[in-house]
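What follows is the residue order along each chain.
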Amino acid sequence: MAMTLAAPKVKVDRAWQLYIDGKFVDGGSTRELINPADGKVLCKVQEGTAKHAEAAIKAARKAFDEGPWRKSTAAERAALLFKLADKIDEHAEELAELETLNCGKPLREARFDMADAAQCFRYYAGLATKPNGFTVEVPAPSVTSIVREPIGVCGQIIPWNFPMLMAAWKLAPALAAGNTCVLKPSEFTPLTVIRLVELLDECGLPPGVVNVVLGLGPEVGLPIAESTLVDKIAFTGSVKTGKVIAQAALTNLKKVTLELGGKSPMVVFSDFDIDTAVDYALFAIYCNAGQVCSAGSRIVVEDKIHDEFVKKMSERAKKIKVGPGIDPETEMGPLVSESQYKRVLEYIEVGKKEGAKLQCGGTKSEGKELNEGFYINPTIFSDTKRDMRIVQEEIFGPVAVIQKFSDEKEAVDIANDSAYGLAGAVFTNDITRANRVIKAIRAGITWVNGYHNTYNECPWGGYKQSGWGRELGTFGLDAYTEVKQVNINLEPVAVEWFQK
Ligand code: ADP
């Protein structure tokens, strides 16, 4: 029976504006957003300039230095964040549809992101009121306490793969700690971020505490990273841009956290059930069409099961239902933009030229509904060599490369043979070996016999060129605070270090 697609209920034909100092305002021009599912114009959004970035920074500065937010109690900030989380839940379906239309991801993934974002605000709302700081015993008559305070104005630049979730990861801890924020979403995917800030506005957030500037990275993002009025910059995106941000932050040595790319290994030993491992490998690489910084993009397989694994994984990859994210039957959507789509197709050509064996995919997805969208079939390369570009570079698309190993030492060597160190996984029934391998893998997020579980309670970030610092968990809150020691002399008498 032919399925007719239910039209999305969410309204996109409306004003999409910047949010500066508690007001929704126009930018200097407009930008057409393209629906990656059909290549057509989805809607127009306002676009900001360096002037808007400057106005937003000034508003955030004033809100931090003079406004009520910094002086608010943790319980007041928590109450606002809980309220926001409830609003996200109330609007979850509308937000999920928006995310799908803007990014291309299947609805089931967008729904998951919305629930996760609400949970992130709740986690930090809860954490805001929990004990922080401590006292240390010093010689009487002094008492000393170590306290945490907000850093100040936080610049936050986020990418296009998880717009709502990345906004939550940035805003929730920053606000819980009492900072003010200037947030810049990706120029490709600002819609859910604008809706989020509309919901925040409804919650009664004081003006200037959160500002959203829309626009291009070099035009709007860079001035935020450079500004001496900004105390911290948090960035998620490519290594290339991360290096630009780190450099720009030197103007006033602002605090920097960077969550950058990955080329994460998923190591499979032959003692593990092969069908289950194949199932996880598909999940590791094809979620969000591989546009995930922690994607399991290198599947490192023991030689004894290699050929069977490749065959089974290819058979299942071919069955993945590629289509518009808004179709509830879709399992994998299009890539986010034409430029990303072209970039991934170029990498596939590179892989072929380098001599890797294309096992499946490698092509644009064909079909009535798919011709105009940015779809690429789930792709697998085997017979790879360690120094190939497709093995070393982050493709950020539905392209898995298979690497073969013969013993545990080689598995670890291959897993660590990367400039990145974001995530890694090992699949084996031997718990001692699992522990050894995970300890040896140089990455910040690891799994044994699993992939992709992400918890708001646990630190997120990478070793090596995958970034600086950690988001989420208590580490994420720490990254939005300064540490101060307070020494109180209870019996001040003259110190008489110098003669009278
Ligand atoms: P990608 O290459 O995957 O699109 P980027 O790292 O370029 O990822 O983009 C992530 C975010 O960084 C986006 O919001 C983008 O606008 C922003 N950005 C890109 N270039 C710069 C720059 N030079 N300075 C500041 N922000 C930038």
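Everything quoted here is computed from the prediction, not taken from an experiment. (Residues numbered from 1 in each chain as written. Predicted model: local features only at pLDDT ≥ 70, side-chain atom pairs only at ≥ 80, totals over all residues. Heavy atoms only, no water.)

### Here's the deal with the nonpolar core
Ranked by size, the top nonpolar core spans 152 residues in total, and within it Phe 121, Val 210, Tyr 286, Ile 299, Phe 309, Met 313 and Ile 390 carry the most contacts. At 12 residues, the largest contribution of residues to this core is made by helix H4 (residues 107–128). What Ile 390 contacts, discounting residues up to four positions off in sequence, is Lys 263, Tyr 347, Val 350, Gly 351, Glu 354, Ala 356, Phe 381, Thr 384, Ile 395 and Val 401. Membership of the second largest hydrophobic core comes to 14 residues, among which are Val 300, Ala 411, Val 412 and Val 437. (Core = buried A, V, L, I, M, F, W, Y, C linked by side-chain atoms within 4.5 Å. Buried < 20%, exposed > 50% of the residue type's maximum accessible area, 1.4 Å probe, protein only. Helix = DSSP H or I, 4+ residues; strand = E, 2+ residues; numbered from the N terminus. Contact = heavy atoms within 4.5 Å.)

### Things to note about the packing of helix H2 (residues 74–90) against helix H5 (residues 163–176)
A pair of packed helices can be characterised by two numbers: the angle between their axes and the separation between those axes. Between H2 and H5, the least distance of the axes is 10 Å, while the angle of their chain directions is 160 degrees. The orientation of H2 relative to H5 falls into the category roughly antiparallel. Our pair here, H2 against H5, has a crossing hand that is left-handed. Where H2 approaches H5, its residues Arg 77, Leu 81 and Ile 88 are matched on the opposing element by Met 164, Ala 172, Leu 175 and Ala 176. Each residue belonging to the contact of H2 with H5 can be placed in one class, and the counts come to six nonpolar, no polar and one charged. (Axes fitted to C-alpha atoms, helices over the stretch in contact; angles between N-to-C directions. Parallel < 35°, antiparallel > 145°, perpendicular 65-115°, else oblique. Left-handed = near helix turned anticlockwise from the far one by under 90°. Nonpolar A, V, L, I, M, F, W, Y, C, P; charged D, E, K, R; others polar.)

### Concerning the sheet that holds strand S6 (residues 142–150)
In a beta sheet, neighbouring strands pair by backbone hydrogen bonds and run either parallel or antiparallel. Across the sheet, which stays open at both edges, the three strands sit in the order S5-S6-S22 with antiparallel pairing between neighbours. Sheet topology places strand S5 (134–136) and strand S22 (481–489) at the edges, where each strand pairs with a single neighbour. Taken over all neighbouring pairs, the strand axes of this sheet differ in orientation by 25 degrees on average, direction set aside. Across nine bridges, the pairing between S6 and S22 is antiparallel. The residue bridging Glu 149 from the neighbouring strand is Glu 482, located in S22. (Pairing = 2+ DSSP bridges.)

### Regarding the sheet that holds strand S19 (residues 445–448)
Spatial ordering of the open sheet is given by S14-S15-S16-S13-S12-S18-S19, a layout of seven strands whose pairing is mixed. The open sheet is flanked by strand S14 (357–360) and S19, the only strands paired with a single partner. With strand direction ignored, the average angle separating the axes of adjacent strands in the sheet is 20 degrees. With three bridges connecting them, strand S15 (residues 379–382) and strand S16 (residues 399–405) associate as parallel partners. Counterpart to Thr 379 in the pairing with S16 is Val 399. Strands strand S12 (265–268), strand S13 (298–302) and S16 of the sheet are contacted by helix H13 (residues 408–416), whose axis makes an angle of about 145 degrees with S16.

### Focus: the site of the ligand
Near the ligand, the surroundings consist of 18 residues, among which Ile 158, Trp 160, Lys 184, Glu 187 and Ser 238 are the closest. The side chain of Ser 238 places a nitrogen or oxygen atom 2.8 Å from an oxygen atom of the ligand. Protein burial of the ligand: of its 550 Å² of free accessible surface, 80% is covered by the chains. Elements represented by at least two residues in the shell around the ligand include exactly helix H7 (217–226), strand S10 (232–236) and helix H8 (239–248). Counting residues per element, the shell around the ligand draws most heavily on H7, at four residues. (Near = heavy atom within 4 Å. Polar contact = N/O pair within 3.5 Å; in protein donor to acceptor, adjacent residues only side chain to side chain. Areas by Shrake-Rupley, 256 points an atom, 1.4 Å probe, with all protein chains shown as cover.)

### Describing the pairing of strand S11 (residues 255–259)
Where burial is concerned, most of S11 is hidden: four out of the five residues are buried. Direction of pairing for S10 relative to S11: parallel, over a ladder of five bridges. By the bridge assignment for S11, Thr 236 is matched with Glu 259. With H8 bridging S10 and its parallel neighbour S11, the resulting β-α-β unit is right-handed. Here S11 pairs with strand S21 (residues 467–468) via two bridges, running antiparallel. Across the sheet, residue Glu 259 finds its bridge partner in S21, namely Gly 467. (Right-handed = clockwise from strand over helix to strand, strands pointing away.)

### A closer look at H2
Taking 1.5 Å per residue as the helical rise, H2 with its 17 residues ought to reach 24 Å, and the 24 Å between its terminal C-alpha atoms agrees with that figure. Among all positions of H2, only Arg 77, Ala 78, Leu 80, Leu 81, Leu 84, Ala 85, Lys 87 and Ile 88 are buried. Tucked into the core, H2 has its buried residues touching helix H3 (92–103), H4, H5 and helix H6 (191–202). (Expected span 1.5 Å × (residues − 1).)

### A closer look at the side chain of Glu 394
Position of Glu 394 among the secondary structure elements: in the loop between helix H12 (389–392) and S16. Buried within the structure, Glu 394 lacks any salt-bridge partner; its nearest side chain of opposite charge belongs to Arg 343, at an N-O separation of 6.0 Å. Setting aside residues up to four positions removed in sequence, Glu 394 forms contacts with Gly 261, Gly 262, Lys 263, Cys 293, Arg 343, Tyr 347 and Tyr 420. (Lys, Arg positive; Asp, Glu negative; His and termini not counted. Salt bridge = Lys/Arg side-chain N within 4 Å of Asp/Glu carboxyl O.)

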